[in-house]
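Overview (structure and organization)
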Amino acid sequence: MAAAETEPKAPFSMDSYHVSEEFGFILPKPLKELPPYFQPWMDIALRVPELVLSHELRFHIHKMPLLSSSSLQKYRELRLAHLTLSVMTMGYVWQEGENDTVEVLPCNLAVPFWEVSQRLGIPPILTHADGVLANWRKRDPEGPFDMENLELLFSLPGGDSVRGFFMVTLLVELAAVPALRSIPTVINGVRCRDTEAVARALEDISQSMQDMTDAFKLMQVHVETSVFYGIMRIYLSGWKDNPSMPKGLVYEGVGTEAMEFSGGSAAQSSLLHCFDELLGVKHEEKSGAFLTRMRNYMPPAHKQLIQDISLQPPLRSFVQQQASERLNQAFHLCVTKLLALRSYHINVVSRFITVPAARARQLRKQNPDLEGEMVSRAPKALEERGTGGSGIMSFLKTVRDQTKDALLPETNKERNLT
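Residues numbered from 1 in each chain as written. Predicted model: local features only at pLDDT ≥ 70, side-chain atom pairs only at ≥ 80, totals over all residues. Heavy atoms only, no water.

**What to know about helix 5 (residues 75–94)**
Taking 1.5 Å of rise per residue, the 20 residues of helix 5 would be expected to cover 28 Å, and the 29 Å separating its terminal C-alpha atoms lies within 8% of that figure. Counted residue by residue, helix 5 has 18 buried out of 20 residues, so it is predominantly covered. (Helix = DSSP H or I, 4+ residues; strand = E, 2+ residues; numbered from the N terminus. Expected span 1.5 Å × (residues − 1). Buried < 20%, exposed > 50% of the residue type's maximum accessible area, 1.4 Å probe, protein only.)

Shown next, in the form of structure tokens:
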């Protein structure tokens, strides 16, 4: 018994968390086609943008056969089915904008969507794991993983800006892969008190965070502000904390009570959750509760990884206990780069949401009947909210400010003196 207690812990590893060595949280090589039985889903899902534009999507979905999802066995098949069903669902719910939403999702869509969601452990709504992580293919399979060579499997209304939005977000995820690979090195280094290994790994993570911010900057090149705000955003929105759908959505054939789910959100990406847990960033009650709830929208293995990182010996305490200037600097740089990434996110939200929202309010005030300019047609209910349902700007600023608190006390003092 005593011998078993002194047995060393197995090294921390990413092997059991559905994290790819090459792609991180991105689903490697997503399937492009479901088995022929599911062709009715594919036929409609591939045409969602045009069918929404012609106001015919709901009509086509009502005619769609109720298919059993039981023959879907492989993980990639289930992920593609979830993406297919979620794209149809978002188009169905929001086809007529915020003023003619639905209260019931028909059973031929709701039942298989619910079944596939239950098997994957993610909710029946379009999530970050769908729209970004599992919604890509290379135009040239042998070519590079970059904007020119990437294509969406399924789109939503908004044209090239939809592709730009999802693909840039995908490239941010890809830029984080070296950081994810370095997390086990940090954890194992702390366990065996190897300051040099921890410092090197933190330096690699810092570089990766810088690369994420650089990738994020492509958003302003590939996404039109007015298209994102005026057309796209509503199709990413959910039926929780959304005044346009105060009762939620009944999934016909699943239950009679309406259910509420949040729309896709950057907070559903597992990346920043991993970094927060690793670096000891603590979030206050309200923002912390929202972030914790967003973990339920991640694949369960990714959610488990975040939880398991949180249970490791605390890195921040380890750094404070060591008399290593390099380790101190590496930790400081990591937190600083995370701060910069979050500050840039605030900048992007201001550009794509806050400024157009103010413009839309101004236009409506000048002429309530104005239909001409795109931003004035955007949903009023989303003016101060993120697609996940949070009060977006105050939430992001709170989260950024809490990241500052992870800086070591001496560093904080220096910041206050400057």
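**Here we look at the pattern of salt bridges**
Within the structure shown, the criterion is met by 14 salt bridges. When the shortest N-O distance is used, the salt bridge between R293 and D241 registers 3.6 Å. Of the two residues, R293 is situated in helix 14 (residues 285–294) and D241 in the loop between helix 12 (225–232) and strand 4 (250–251); the sequence distance between them amounts to 52 residues. Judged by its relative accessible area of 22%, R293 falls in the partly exposed class. (Salt bridge = Lys/Arg side-chain N within 4 Å of Asp/Glu carboxyl O.)

**Quick look at the packing of aromatic side chains**
Across all of its chains, the model carries twelve aromatic pairs by this definition. Between the aromatic rings of F216 and Y344, the centroid separation amounts to 5.4 Å while the plane-to-plane angle is 75 degrees, which identifies the pairing as edge-to-face. Here F216, found in helix 10 (residues 195–216), pairs with Y344, found in helix 17 (residues 325–366); they are 128 residues apart in sequence, far enough to count as distant. On the basis of relative accessible area, F216 is assigned to the buried category, the value being 12%. Each ring, one from F228 and one from F352, has its centre 5.8 Å from the other, and the planes form 85 degrees; the classification is edge-to-face. Of the two residues, F228 is situated in helix 12 and F352 in helix 17; the sequence distance between them amounts to 124 residues. Per residue, the accessibility class of F228 equals that of F352, and both read buried. (Phe/Tyr/Trp six-rings, centres within 6.5 Å; stacked < 30°, edge-to-face > 60°.)

**Considering helix 18 (residues 392–404)**
Compared with the 18 Å implied by 1.5 Å per residue over 13 residues, the 19 Å span of helix 18 between its first and last C-alpha is a close match. Burial in helix 18 covers these residues: I392, M393, F395, L396, V399, R400, Q402 and T403.

**Some points on the confidence of the model for the protein chain**
On average, the protein chain scores 91 in pLDDT, and the residues at 70 or more come to 89%. In this model, residues 386–390 is a region of pLDDT below 50 whose contacts with residues beyond four sequence positions or in other chains number 21 contacts. (pLDDT = per-residue confidence, 0-100. Contact = heavy atoms within 4.5 Å.)

**Observations concerning the environment of D100**
With respect to the helices, strands and loops of the structure, D100 is situated in the loop between helix 5 and strand 1 (104–105). When the C-alpha positions of D100 and M245 are compared, they lie 9.8 Å apart, and in sequence the two are 145 residues distant.

**What about the side chain of S270?**
Tracing the backbone shows S270 in helix 13 (residues 270–279). Residue classification places S270 among the buried residues on the basis of a relative accessible area of 4%.

**Focus: the side chain of Q268**
With respect to the helices and strands, the residue Q268 is situated in the loop between strand 4 and helix 13. Using a relative accessible area of 3% as the deciding quantity, one classes Q268 as buried. At a separation of 2.9 Å, a polar atom in the side chain of Q268 contacts the main-chain carbonyl oxygen of G263. Look past the residues within four positions of Q268 in its chain and what remains in contact with it is T127, H128, S262, G263, M294, Y297 and M298. (Polar contact = N/O pair within 3.5 Å; in protein donor to acceptor, adjacent residues only side chain to side chain.)

**Comments concerning unusual backbone geometry**
Look at R193: it is not a glycine, yet its phi comes out positive at around 60 degrees. In this structure, R193 sits in the loop between helix 9 (177–191) and helix 10. In this model, D241 sits at a positive phi of 55 degrees, which is unusual for a non-glycine residue. A relative accessible area of 38% means that D241 is categorised as partly exposed.

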